[in-house]
Every structure is written in C-alpha cells, then in structure tokens.
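Here is what each chain is made of, one letter per residue.
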Amino acid sequence: MTIDQTPVPVAAEHAGGRMSTWRLLLSNPISVVSGAVLVLIVAASVLAPWIAPYGVNEIDVAGALAPPSGAHWFGTDELGRDVFSRVLVAGSTSLSIAAVAVLFALVVGVSLGAVAGYRGGWVDAALMRVVDVMFAFPVLLLALAIVAIFQPGQLTTMIAIGVVYTPIFARVARASALSVRTSPFVQVSQTMGTPAAWILFRHVLPNIAGPVVVQTSLSLAFAILSEAALSFLGLGIQPPAPSWGGMLFTAQGFLTQAWWMSVFPGAAIFVTALAFNLVGDGLRDILDPRQRTLIEARRTR
Amino acid sequence: MTLLTVRDLRVAVGPREIVHGVDVAVEREQTLGIVGESGSGKTLTALAATGLLDVPGARVSGSSLLGPGARDEGAATLDLATASASQLRRVHGSRVGFVFQDPSTSLNPYLTIGRQITESLETHRRLGRHAARLRAIELLEAVGLPNPDERVDAYPHQFSGGQRQRAMIAIALSCDPDLLIADEPTTALDVTTQAQILSLVRDLQRERGTAVVWISHDLGVIGQVADDVLVLRDGRAVEQGPIGALYAAPAHAYTRELLAARPRIVAGAGPQPRPDGPPLLEVGGLDVRFTIGTPTGRRTVHAVDDVSFTVRRGTTLALVGESGSGKSTIANALTGLVPPHRGSATLGGSDLLRARRRDRRRIAMVFQDPFASLDPRRSVGDAIAEPLRVHRLGGTGAAARERRVAELLELVDLPAAFAERFPHELSGGQRQRVSIARALALEPELIILDEATASLDVSVQARVLGLLRRLQDEQHLTYLFIAHDLAIVQQMSHDVVVLQNGRVVEAAPAAELFAAPRDPYTVRLLEAVPPEQPRAAR
Amino acid sequence: MRIQPARIARFLGVRLLSSAIVLFGVLVVVFALIQLVPGDPVRLALGTRYTPEAYEALRAASGLDRPLWEQFLGYLGSAVTGDLGVSFRNGQPVTTTLLERLPATVSLAVVGLLIALVIAIPAGIWSALREGRASDLIVRLTSQFGVSIPDFWLGMLLISLFSVTLGWLPASGYVPLTDDPVRWLRQVTLPALTVGLVAGAIMTRYIRAAVIDVASSGYVRTAVSKGLPPRVVTGRHIVRGALVPVLTIAGIQLATILGGVVVVEVVFAWPGLGRLVYEAVAARDYPLIQGAVLLVAVMFIVVNLVVDALYAVADPRIRVS
C-alpha cells in the first residue's frame, strides 16, 4: 500500500506557485497608490472636525473670493468661508452617506440575490422581475423620485442611494450564487443531506465574496458621484451643511472670477471616486481567476 | 522523407522551462502520435513546433524545420520556431492544418460552415467565391457529412459534436496541407463517434498523403492511428519509435507503466463474482423529464425513460452509455438533485425518492471533476468532516472528528497531514481520493461514482480504481458505477446496464455482456473500444 | 442570410411578454410614488398657495380621494390612453408638457451616444487587442478618469474652457433641430460632449472586456491557425463575436444617458425632460414627476426590445434552429 505523498500542484494554472492575495494586490503600483490615497481621504474625513482650520460657516465678507494662499489653502468662497475646511467636512458627510447607503444595498441586495440564485425556481424568477423593474429606472431619476417623496436631507439621500443601488448587488450576488450552486461541491453537499442554511453560509457566501467585494468598491465610487449630483441639485445634503455638489452649484456663478471654488470641490469628488474605482479594478484583477493567472504569469518573469 | 524536423525544442513560460529539449521527426505521409499525461507538455510542444504558440510570456528556442512537401518539391525549408509572423501566416492553413479538441468552441458560431472553409481557400489559394464554395461542398462530402450542398450554408450550432469535428477536419484540410496537427481531436466525443472520426482521418490521410501529428493521452487511440510514437513526460521525450516495437517491447519504465495502466477489454477479466446477495437498490420504471429555457421558449427533455434495475449488496452495477444516455440524470434522481416524473426507487426496502434529509446519508456520491468537487475555500479536513458534523457521525467533539478524518484519509492512502491542506495544493488524483474519503465518511450503504475517474490521467486512474476495488473488498461496499469507458467497466463491475437515449438497451451480468453482447448498440460500443494491439502492428 | 420567421417570432414573443411584465411593474412603482408620500401630497404641493377650495379642486382632479385599487386601475387606464394627469403647479396636462420637452432630451441623448460610440468602439477594440501592453494601460486609466469624473463638473470645465475662455461655443440656449440646424449643432455640442465623454469612458471598459473575451475564445484561435491575415481575424471573427455584447452595452448606456441627463441639462439650461424633473421635484409636482419617470422607463423598455430584435438578426443561434 503506497501512500500518495506528493502535494504536486498539477496543471499550468499553478505555474510559479500560488501567490497570496495581498502580495498580488501590492504588486500593482496603481492599486497601491489609489489604496493609499483612499486611506488618506478616509482619514482626513474622519479627522475633519479637528483638522479643519476654520469653521465651515465662518463668514468673512471682507475676505470673500480670495484666491488660494497660505492662510486659505483652497481660497475663500463668495461669503469669505474657507473652501478647504468646507471641502474637508463635506467629504466627511459624503463618505458617511456613501458608506451607509452601500452597506444597506449590500446587505439587502446580497441576501436577496444569494437566496434567489441558490433557491432558483419561482423565488428566483420573481426576484429577478423585481430587479428588472428597478433597472428600468435610471439611477438618478429614481433617486430624485425618492427624494421627492420624503424631505431632502442626509437621511433621505442615504435611503435613496441605498435603494437605487440594491438591484446591482442582487444581480451580482445572484449570478455568482447561481454558478456556485451548480458546481459539484455544492451538489455533493446537497446529496449528503447538508441543510440548505449550512450550504448557503459556509459554501455559497464565501465563494461569492469576490465579485461582491469588487462591486462594493465600484458602488462606493458611484455613490459618491450620485450624492454629489443630488447635492448639486439642492436635493441632497442641505445647507448650511457643506457638500461638494452644493459648493459646485454655487461656483457656477463665479466660474470666471474664482476658479478655485469649482476646481477644488470637483477635484475632491473626482479623486475620491477615482480611488475607489481603481482599487475596485485592482481587486477584480485578483479575484477573477483567469485574470489572476495572467498576472501571476507576468509577475514571475 | 522527413517533412518536419524538430531539434532541441524548448519552451519557457516566465522563468520556468516547460518543454526541455525535444527532438522528433515527422515523416511524409506518416502519422506521429504524441502521447503523454496532463502536464506533459504535448500541446505546447506541437504548437511551438508549428509556430502557433501564443501564451503570453512564452519563449521558444531550438529549431523546427519544415521541409518541402510532396506538392511543392521546390519550396525552401523554413524554421517554424523562429519564422516571422507573415511567414508563418503563409504556412498556417496552407501547408499545416490544425484540428483542436473542442468542436463546440473551435468554430465561429456567427459564420456558416461554408464560409469558414472558403476563407482559407480565398486567402491561400486565391479562389473566387463561387469556386471556393464548390470546393467547400466537395470537402464536406469527403469528410462524410450528408447533404453537403445544404449543410454548407448551415451554422455550427445546427450540427452535432461529431459532425462539427468533421467540419473542422474539412476546414483543416481545405488547402491540402502537407501536415495536419490534431490536438486531442476525439477526446470530447463519444466513443462511437470517436471510432468514426479515427477511421475518417485514416482514410483521408491515405487518399491525400497528408502527414499527421496526433496528440492524445489515450494509448488506445494512438494505437489506432500512429505509425511512430513519441512519449512525453514533464516536458521531456521519454521514448520514441515505431509503434509496433514500442507497444510490444517498451524500453522505458514510464512507457511500460502507461501501457500497463491502460484499461483494456480482456476476456475473462473483472472482479470476483459475488454469490447472489440480497438486493440493495431497486429502481423501477424511473422516468425523468425536465424543461429547459431556450431563447425561443421552453422545451421538454425526456432524459430517462422507464428505467429499471437492481443492485445487489456488496457488488458493483455499471450504468454505461454515451452522452445523452441519461446515466447521470438517474444518479441525480436517486440523490434528490432532480425530481423524477414517475417511478420508484428503494434502498434496502425504504423509499429513496421521498427520503428525508437525514436519510440522504445512505447514498454517497463522487463526481467526475476533481477540481470542482471540493470547495476551494475549505480545507481538506473540513470537506471530509462535513458529513460527520451534519449527521453526527464519528463521535462527539472536534477531537474525535479529527481522528476520524485522519482514519479516513489513511483509508484512501493519503497522509493524515493532508487534512490541513487546501484543494489547490493537491493533484487531481489526490482530490478524487479526498472525495472518496468524504463519501466514506457518510458510512453509506451505496456509493454512486459518476464518471469518477474520467478526468484523471491514465496511471492515476488505474491507482484510484485499484483503491476502489480494495475498499469494496475490505468494507463490503456497494457501488453504482457510471461510466462511458467499457474497459474500466469490465474491470470494476459485476453487472452492467447499457443505456441509450434514456432507455435501457441491455442489462446482464458483466461476464455475459462482454462475452456475448446481444443488442446491436452494445456491440457497437464494444467494437468502438480501441483494441489492445496497435493497428499498424496487426 | 437565413431566417426562420417562426423562430424569430417566438423569440420576440417571449421578449415582449417579459417586457410587458416589467412594464406592469414599472406602472406599479410609479403609481406607488405618490402613495408613499408621508403627509398629504396635495397640501405639500400647494404649499403657500393653500386654500380649502384649491385643495379640494386639486385633490379631486388628481383622483386622490378615491380608494387605492380604484386609483390604480384609473391610473392604468388613463396611462394607456396617454393621459397622465395634470401638473400640480400649473394645471397643464402632464402628457403635453412631457412631449414638449422630449425632443430636446432625445436629441441630446442621441448625439451624446454617438459621441460615446465614436470614442468607445475604437478605443475598446484597440486596447483589448493590445491587452497588457502600455497602450492598453493608458486607455484603461483614461477611461477610469472618465468614469470617475462628475458630469456636472466636466460640464462646468468645458464651459469654462470653450465658452468663457475661448468663446467658441455657447454655454446655454436651445433651438429645435428643425428650426436652425447650424445653431442647434453649436448649442448641443458642449452638453453632448459632456454626456458623451462620460458615457464613452463607461462603454470603453465594457467593450474592451467583451473583445478580450472573444479574442481568447477557441474560434479565434482556429482563425489564427488558418493563417488568415490579422485584419480578417479582427474584423470577421473578433469584432463579429463582440457584436452582441456591444449591442447590449449600447442599449443599456442609452437608457442610462436618458436618466443621467438631468444634471447636464441643469448645467447647460437645456430645456429637456431632465431639467423638467428637477423643477418638478423642487416643487413637489407629483403627477409630473410620475409622468416623467414613467416616460423614461418606457423608453428604456422600448430600447431594450429594439436591442433584442437586433439580437435576433445578429445571432444565428436565435434566428435558425
């Protein structure tokens, strides 16, 4: 009786050995830089109340529309308020809205999608019809409609964005769950008599984590953009609380006189969304098995 | 006369060299068989030798000289390993044709078969549309497709698997190449279709004088087609020579091992006959249908039609059939994955089809795909422990379960330390052993093996089958063995049921069936199995 | 090209049924919008113009005094005949207002989509064929920029550059295409560019992914093994194979544009549906909001059906059995 000792990883897919997820992520300079920027932005947002040099509504009419200087890094707006402080605090609000909204969308969407994908049958069909209906409404329009129902404000914005982004999570989770459900290792558990809940939590969910994580990063980027758009229209974060979108709306009137009023808030939105997108892209490259093989092959040169 | 001379061919991907200095020659109008298991580098070698390699990061060194062929005696010799892209484009399709493994993905679904043939002719032979189309019809006829003048305007999805492969051969031979490279062309086909394609290629080769390089892992198939054989292992040439000599008196130990591991139909072979044991599994009139959704509405597939059989305790019953025979569907119905339309199935007297979750313990299943049968995110130990935890077997408490897992691993000849490993760290054969251990953990009354060794290398398959037989003897296990390969069916089974299109065509004790098959379909299946002796030697 | 009409009819029939179900769902959601308002929508809409008479009049006119199911059926019935109620603000029939503003949005969306396609199709194909190389990386990065930029900010930057600084193009204003094509073209350029650049970036990524997928498929390998010139492999095999996914993407993108133009229309003072919705939301003009949302959703469903019909033609697996 011979014992089969060799842990030989067979097949070319393991060429070069399996590299850990972290190492692969860190080996991509773009991911590293965007990740670092993201950390910086989040840190700045969390610390905003303490590190903002001025109050967000500290009016100083005499010093209005001042260009960027040592005293005011981002200049001042039409009421003499420090743009830098307002950008910081607005960022804090935007990020928290985006985080809560996406969290809601993730929890609800993934639960519904995973169950639908796993159970199949009429549950799946019904859920997918509902998702189809929601997809028929463009994101911003639906968000606006929701805002129209309730009072504009931070909570409403969170709800609106959360509801509007739930279908995409449901679809991603469902597609993933569907493909996992039909794989032999799940079928084996089913034939063994493993309870459905066990299979869902211990087999399906860990295996759909990849696409869900990628979608989270991308949805955070879009949530930031959506919130900015709503605030721009005056239907998101309400004054006197500062918002990037709101600041841009005001800046329209001063396009020629005070370029700093439009550039900095806009750049803040842009950089934040970009960082989330790039990190999401980097994660997708790693979590998608085919892409990963490609990257591993290039790495080992 | 030598058509293709390969010297010291090396292929490296990244820092790793995968093919280590292969020398081989392909003679005009002869067939070279390249045989090797997975990871042997046979496909890489053939693609590198013909300049078709396009793996990112791959480097080819050595030489592969394509000499003048019978049609063009004056052509210059070209080194395919170092030729430029435009030189290679003149050779590919024109002097060298290719047939790949999977006919369902190798043909463009958006173009007609005729178009896919004529584009080669237009490119290399400068034929006009009309002339090219006539030639395409000729070619379709030559590869044995009925109604070629209609089929030339049909799309790939309108053909069956075997017909698509014939079409691929027509495409590859359209410009009358000197050399045809066939990479596992029959591996994805049924055994009866495979036999047809084998004889088709032999006939075409004889008529046109094309040299053929046939790559396969299956020694039986190689035996049917090759004049010379090259055996590869881990990117190295292990042995080569004329087929008769190589098969009769292999020089290298590895070749001997491959030949010995090859499943063959041998008169009188098979497991020890069991005295008539009590019936364990009784299936009566099983009928399974399902609806599939196509873009044009729903369609009903009648997968299993009035199937009945009995499995005696302690024996192995084989369900044999080609794709579409319903054999896997029967297994899925017995294990509750698919609801049956009608029929009965009892295990030791109690109803199987309406079994509760608890009773699912009594049947264990082992699937075909070693890579997909284990959750990539759970360790081997977790996988084996799952049935123990769900059904509270193997004692209470984590420590007792750990011991039981170690016991089970040893039972399947794996070291207990493997419990910590993850599936991607194991080879295909090792993963299947883990699946078997997991099945044993259930302490089932019946184990269903659904093509459990079909995806394994020949030598690994032989060992796993040996393990299964040993376990059956020691633990008095009962198996329902689903397979398409009659040779291993003979090795493993006491009784055989032959299925075709969801119906039972013949059922008999194995010894009887192999000695004197009654149904014409069974006869065809048996005849399609490549014989032990290579054709060229007979 | 071979076609089996019966098969195509069956396919389209299935898709029509599916669309009808979605349409029904959309009607339910749109109807529910006004029902979900906490408090009294009529009173909210009247705001400072509240008088008991005005209140009763508006309430009766919008049918909100009837039981729920009756309202829904009434809503369904009138929606089908094109009556979407009257605006809370000015009493105008909603349908009329929507139809007045529709052409402006459609022209903007179409031009925007065209710009997006002109950018995305070449860029997506080109970078996919050079996967992993520097040029691919540049395209990927650039498209990431395009996806991350807020469209209103882009609009403002374009205005700042082309209108204010260079003075080449107007920052606002609208004449219908039929009245004065040249002026229309000048006026639609900046807003369409804003819409098109962002949509183009999004589509580039999807097209690139689709082409990469096709380029690595078995039949492309077969085409290469036949020694076909690269032009033929790319044109006849790769692009043809990516046609179906690209169609899908273009369809979805048009729908997204139709909804996303809200902000762009506000920045450029473009008198389209988007700006209408914005004004309606600010004024809590529920019937108008409902009508606009319904119209956009219906347009989306119709676009999808058109895409499905194109599938039936493009994919032989659907059109012949």
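What you see is a predicted model, and the numbers here were worked out from it, not measured in a lab. (Residues numbered from 1 in each chain as written. Chains lettered and ligands numbered in written order. Predicted model: local features only at pLDDT ≥ 70, side-chain atom pairs only at ≥ 80, totals over all residues.)

(A) Spatial organisation of the overall build of chain C. When helices and strands are tallied, chain C shows 13 helices and zero strands. For chain C, the succession of helices and strands along the chain, N to C, is α-α-α-α-α-α-α-α-α-α-α-α-α. Considered along the principal axes of its C-alpha atoms, chain C spans approximately 80 × 60 × 40 Å. The buried share of chain C, taken over its 321 residues, is 46%. (Helix = DSSP H or I, 4+ residues; strand = E, 2+ residues; numbered from the N terminus. Buried ≥ 20, exposed ≤ 12 C-beta atoms within 10 Å, placed from the backbone.)

(B) Structural view of the nonpolar core. Grouped together as the largest cluster of nonpolar side chains are 344 residues, with contacts concentrated most on Ala143 and Leu144 of chain A, Val213 and Leu480 of chain B together with Val277 and Ala292 of chain C. If one sorts the elements of this core by residue count, helix α3 (residues 83-119) of chain A sits on top with 18 residues. Setting aside residues no more than four positions away along its own chain, Ala292 of chain C makes contact with Leu98, Leu273, Leu276, Val277 and Ala280 of chain C. Val244, Val307, Tyr311 and Ile318 of chain C belong to the second-largest nonpolar core, a separate cluster that totals five residues. (Core = buried A, V, L, I, M, F, W, Y, C linked by C-beta atoms within 7 Å. Contact = placed C-beta atoms within 7 Å.)

(C) Here's a closer look at the interface of chain C and chain A. Listed per partner, the contact involves 39 residues of chain C and 36 residues of chain A. Elements with a contribution of two residues or more to the side of chain C that touches chain A: α1 (5-35), α6 (134-148), α7 (151-165), α10 (230-267), α11 (273-282) and α12 (286-314) of chain C. Residue contributions to the side of chain C that touches chain A peak at eight residues, all from α10 of chain C. The class makeup of the residues in the side of chain C that touches chain A is 31 nonpolar, seven polar and one charged. (Nonpolar A, V, L, I, M, F, W, Y, C, P; charged D, E, K, R; others polar.)

(D) Examining the environment of Val320 of chain C more closely. As for its placement among the helices and strands, Val320 of chain C is situated in the segment after α13 (316-319). With 28 residues separating them in the primary sequence, Val320 of chain C and Ala292 of chain C have C-alpha atoms 40 Å apart. When sequence neighbours within four positions are dropped, the list of residues in contact with Val320 of chain C reads Tyr155 and Gln158 of chain B together with Arg2, Gln4 and Arg7 of chain C.

(E) Structural detail: the confidence of the model for chain C. Residue and element names in this part refer to chain C. Model confidence for chain C is summarised by a mean pLDDT of 86, while 99% of its residues fall at 70 or above. The least confident element of chain C, judged by mean pLDDT, is helix α2 (residues 41-46) at 73; the most confident is helix α9 (residues 218-225) at 93. ipTM for the predicted complex: 0.85, alongside a pTM of 0.86. (pLDDT = per-residue confidence, 0-100.)

(F) Molecular detail of the interface of chain C and chain B. Contacts between the two partners involve 23 residues from chain C, matched on the other side by 28 residues from chain B. Elements with a minimum of two residues in the side of chain C that touches chain B: α1, α9, α10 and α13 of chain C. By residue class, the composition of the side of chain C that touches chain B is nine nonpolar, eight polar and six charged.

(G) Structural view of the sheet that holds strand β8 (residues 211-216) of chain B. All names here are of chain B. The mixed open sheet is built from six strands, whose spatial order is β6-β7-β8-β3-β9-β10. Looking at which strands have only one partner, the edges of the open sheet turn out to be β6 (96-99) and β10 (236-242). Between one strand axis and the next, the sheet turns through 15° on average, direction left out of account. Bridge count for strand β9 (residues 228-233) against β10 is six bridges, and the pairing is antiparallel. Across the sheet, residue Leu230 finds its bridge partner in β10, namely Gln240. (Pairing = 2+ DSSP bridges. Axes fitted to C-alpha atoms, helices over the stretch in contact; angles between N-to-C directions.)

(H) Broad picture of the pairing of strand β12 (residues 297-312) of chain B. All names here are of chain B. Of the strand pairs in this sheet, strand β11 (residues 279-294) and β12 are connected by 12 bridges, and their pairing is antiparallel. The residue of β12 that forms the bridge with Leu281 is Val311. Between β11 and β12, which pair antiparallel in sequence order, lie two residues.

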